[in-house]
Structures are given as structure tokens and as C-alpha cells.
Amino acid sequence: MSKERQPNNKKEHFSIFGPAILLVLIGFILTYQFVQPAPPDQIRIASGQKEGAYYLFAQQYQQRLQQENIHLDIINTAGSIENIERLKSGEVEAALIQGGTTSTDSTEADLRSLGSLYFEPIWVFHRKELPVARLTDLFNKRIAIGAEGSGTRALALQLLADNDINPSNTPLLTLSGRAAADALLNGDIESAFFVASPMSPVVRALLDSDQIQLMSFERADAYTRTHRYLSSVILPEGVINMRRNLPGQKTILLAASANLVVREALHPALKDLLLQAAQKVHEGGGWFEENGQFPAPDYLVYPLSSEAERFYKYGPPFLQRYLPFWAATLVDRLKVMLLPFLALMIPLFKIMPPIYRWRMRSRIYRWYKEVLEIDHLLFLEDTDLGQARTALERIEYEVSHIEIPLSYAEELYDLRLHISLIQQKLERLQPKT
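Residues numbered from 1 in each chain as written. Predicted model: local features only at pLDDT ≥ 70, side-chain atom pairs only at ≥ 80, totals over all residues. Heavy atoms only, no water.

## Focus on the overall build of the chain
A tally of helices and strands in the chain yields 15 helices and ten strands. Within the span of the chain, comprising 433 residues, buried residues form 46% of the whole. For the chain, long-range pairs separated by at least 24 residues make up 78% of all intrachain contacts whose partners lie at least 6 apart in sequence. Accessible surface, the chain as shown: approximately 22900 Å² in total, 55% of it carbon and sulfur. (Helix = DSSP H or I, 4+ residues; strand = E, 2+ residues; numbered from the N terminus. Buried < 20%, exposed > 50% of the residue type's maximum accessible area, 1.4 Å probe, protein only. Contact = heavy atoms within 4.5 Å. Areas by Shrake-Rupley, 256 points an atom, 1.4 Å probe, with all protein chains shown as cover.)

## Re the packing of aromatic side chains
On inspection of all chains with the given rule, the structure shows ten aromatic pairs. Here the aromatic rings of Trp123 and Phe125 are separated by 6.1 Å at their centres, their planes lie at 5°, and the arrangement is stacked. Each of the two residues, Trp123 as well as Phe125, counts as buried. Ring centres 5.8 Å apart and planes at 85° place the aromatic pair Phe311 and Tyr312 in the edge-to-face group. (Phe/Tyr/Trp six-rings, centres within 6.5 Å; stacked < 30°, edge-to-face > 60°.)

## With respect to the pattern of salt bridges
With the rule as written, the count across this model stands at 16 salt bridges. Here Lys425 ties to Asp375 by a salt bridge, and the two come within 3.0 Å at their closest N and O atoms. Here Lys425, found in helix α15 (residues 409-429), pairs with Asp375, found in helix α13 (residues 368-377); they are 50 residues apart in sequence, far enough to count as distant. Both residues of the pair, Lys425 and Asp375, belong to the buried class. Counted as one network, the salt bridges with shared partners bring together Glu82, Arg86 and Glu91. (Salt bridge = Lys/Arg side-chain N within 4 Å of Asp/Glu carboxyl O.)

## Details of the nonpolar core
Within the largest apolar cluster, 32 residues are counted, with the highest numbers of intra-cluster contacts made by Ile45, Tyr61, Leu65, Leu117, Leu260 and Leu274. Those elements giving two or more residues to this core turn out to be β1 (42-48), α2 (53-66), β2 (71-76), β3 (94-98), β4 (111-127), β10 (251-263), α8 (268-282) and α9 (306-314). The element contributing the most residues to this core is α8, with eight residues. Ignoring any residue separated from it by four or fewer positions in sequence, one finds Ile45 in contact with Ala58, Tyr61, Leu72, Asp73, Ile74, Ile75, Val92, Ala94, Ala95, Leu96 and Leu260. Counting 27 residues, the second largest nonpolar core, distinct from the first, contains Ala180, Ala183, Ile189 and Ala296. (Core = buried A, V, L, I, M, F, W, Y, C linked by side-chain atoms within 4.5 Å.)

## Quick word on unusual backbone geometry
A cis amide bond links Phe294 to the next residue, Pro295, at an omega of -5°. Its place among the elements puts Pro295 in the loop between α8 and α9. The backbone of Asn140 sits at a positive phi, close to 65°, despite the residue not being glycine. Locating Asn140 in the fold gives a position in the loop between β4 and β5 (143-144). One non-glycine residue, Tyr299, lies in positive phi territory at about 55°. Position of Tyr299 relative to the elements: it lies in the loop between α8 and α9.

## Some words on helix α14 (residues 385-400)
Side chains of residues three or four places apart in an α-helix project in the same direction, reflecting 3.6 residues per turn. With 16 residues, α14 should cover 22 Å at 1.5 Å per step; its first-to-last C-alpha distance of 22 Å lies within 8% of that length. All of the buried residues in α14 are Leu385, Ala388, Leu392, Ile395 and Val399. Seen end-on, α14 carries its buried residues on one side only, within an arc spanning 80°. Facing away from the buried side of α14 by over 90 degrees, the exposed positions are Gln387 and Tyr397. Close packing links the buried residues of α14 with α13 and α15. (Expected span 1.5 Å × (residues − 1). Arc of directions from axis to C-beta.)

Structure (C-alpha cells):
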């Protein structure tokens, strides 16, 4: 029993599907030109002074981003004013900015807010022996209002100016942070302004001191109506220390809001990642914030970025909820590659099987033309039967060497059966000797 030789399937498939695959690859290469670059694995954030809350929160962001193999480089600065300048100059890609240090209708086209993070109370501390009910009581007293370039200084100057206190009639010192707290504790100054989270080590130290008193803003409503970026918050009695009942009464404070601001050119995936880090750090609330209140698209110092707007409406990007950051960003970047897949691969998958079937059957059916011609010749009286026999033997030999997949063996054996029928007919016409 004879056997049909099996074809080289790899070569056969490549000859048929190779051009289609090449066409798809060309489509992918052309489309790849429109794929966004991968996000950088390192960004910089301006945080403020090391003893401030901005630095503490920046460290928490750093830890969160490090889990996704993104290094957050923390740049210490004098405060919000310097942070804004570093953002504008491109020295950093992100910064923590205090509300009130810039106008909310800022025209800086390349700066966008990712949202407000928490309330930053304005802490006005003074020596306990000095009676201070209003800011006007600080006239001609030595006051630390923060370093040049800090948001604390900008806000303190504004509030003091509302009460006609300025450098011409009152000593306003550029002390800030720990230096200002030490000067107040030592009696070198009478009062100091701080704009910080209650988690700030400096603020906690002053709140816990028996020598220092925190001023209550009894006219808070007047300030919040004059300066819309300010809010009024309550420091409850005893919240600092229950045993010592600190503070001894409910204290009204003014508060700005801390904002996370980025350059608009920052990669969208990193904006989403920063927002997720901020959410995990700040969603628990604090002394002045409700659980889940922050981060929020309110109390902004710059227009909200489009990525942040989408984040507050729908939450984190779908892919980043279920995939590691690198995988989510890779899929998101390459989704544009679906275009050539849909435009080329799906139609090709539909038309290539019929083409393959046609190619296989054409190897068999093309012999029917010669077989039919010989069959017709046998009806003619002057047909050279020897020549017809030779032609049939050649066809039979060629057909026996056709290489096709086993799934098309039925068509091949039909052809050989038909050749055999013509051979039998030829035998009947052959003169008997």
C-alpha cells in the first residue's frame, strides 16, 4: 500500500500566512509611533523644611511610590513660595503648596493641582504671660512670621496687614520652624506664626508646653469672608492632652489647605500614582478633617488636572486597580496598538482560512483539466491511444507526489480514482491482440 508524503507544514503555513503577518507587523510598527513614552522611574517633589509636616508626608508618598519601583526624590525648601518657583523652573515635577500663597485663578498654564490634602491651621502661639485675644494685641511685639519664601510668611503678613501691623511698626522676624519655636520657648520673642498640620513636631511641642498659649481666632468669620481660601476649624477642648485638659477651652483656628501641585507635563500615569498615594495617606482624616474628606477637588490653588478630575469621579484607573503599576502602564500605553489588530488581524483571520483551503485544493483540482481533456479525446476516432496512456501515466505519477495535509486526502484520492476510471476506459478501447 502506498503512502502520501506529508508536506512541510511550517514552510507551507509561512508561505501562506507570512505576508499577512508581515502586514500586521508593519501596522504595529507604524502605530507604535503614536504610543506614549513610558513613565520615568524617578520624580522630584519640593516638600519644605525637614521639621515640617510637608516633609513627613512627602516621606510617606516616597514609601508608597517605592512599592511600585518609582523613586520620589524629596527636595527640602523654605516653603510654598519657593516650591512654586521650583515648579515653574522645572527643578521639580511636584510640590506641596499652601493655600493662600497664590491666586486660585492663576494663569500659570503648566501648573495643575491634584487636589487639596488636609487643612493647615494657622497657629498663632504667644507667651502665656502675654494676654492676646486678637492679632491687634501683637502690635509692637516681636513676632516670628517665617522664612523668606515660605507660605507661612506670606499668610502671616496678609493677616497682620488686616490689623494694620507691618514691619514699620512691629518687629517681624524671619524665624521659622524649630528656630522660631526655640526662640518663643526661651522668651526671645513674644509670638510666632506657624502654618502646619497638627502632626508637625514643632506644633506638637508648643501645644504641649506650659509656657506657651495658643490664640483663638474669635473673629474667624470675618477673616474667612475676606479671604476665601481660608476656612474656620475647631480645636476641641482636651484633644491635645486629656489628663492636663489641653487646650483648656474650645479654640477657633483659621486654616488654609495643603495642595499637591504638579507640572502639567508630568506623565499621566504618575499623576494617578501620586493621587493614589495621597489618598492612602490622607483619607483617614485628622483633628480637623472627616474620614474620607481628603484628598478633595476643593480649596485649590491651581486648576484641577484632567487626570485628577477623572480620579475623583471614577476612582483609580481600571488597570491600576488590578495590575502592578508597570503592567498597567504598559497595557495602557499599548492600547493604541489595538487599532492595527482590529483593522488587520480580524479581517485576515476571516479570509486566510478560505485562502488556505483554496491553495490546498488548487494543487489537486488543476489536474482535472488534463484528465478531462484526455477523457474527451477518447471519444475521437483518430486519438493516439498510446500517447493518451503516456499522458495518464505522467499525471498519475505527478499526482502521487502531491504534498497536502491529511485533511485534504479525500480530494486527492477522488482525483486518483477518476484517473483510474479513465485508465479503465482506455483499456477497453485498446485493440485486443
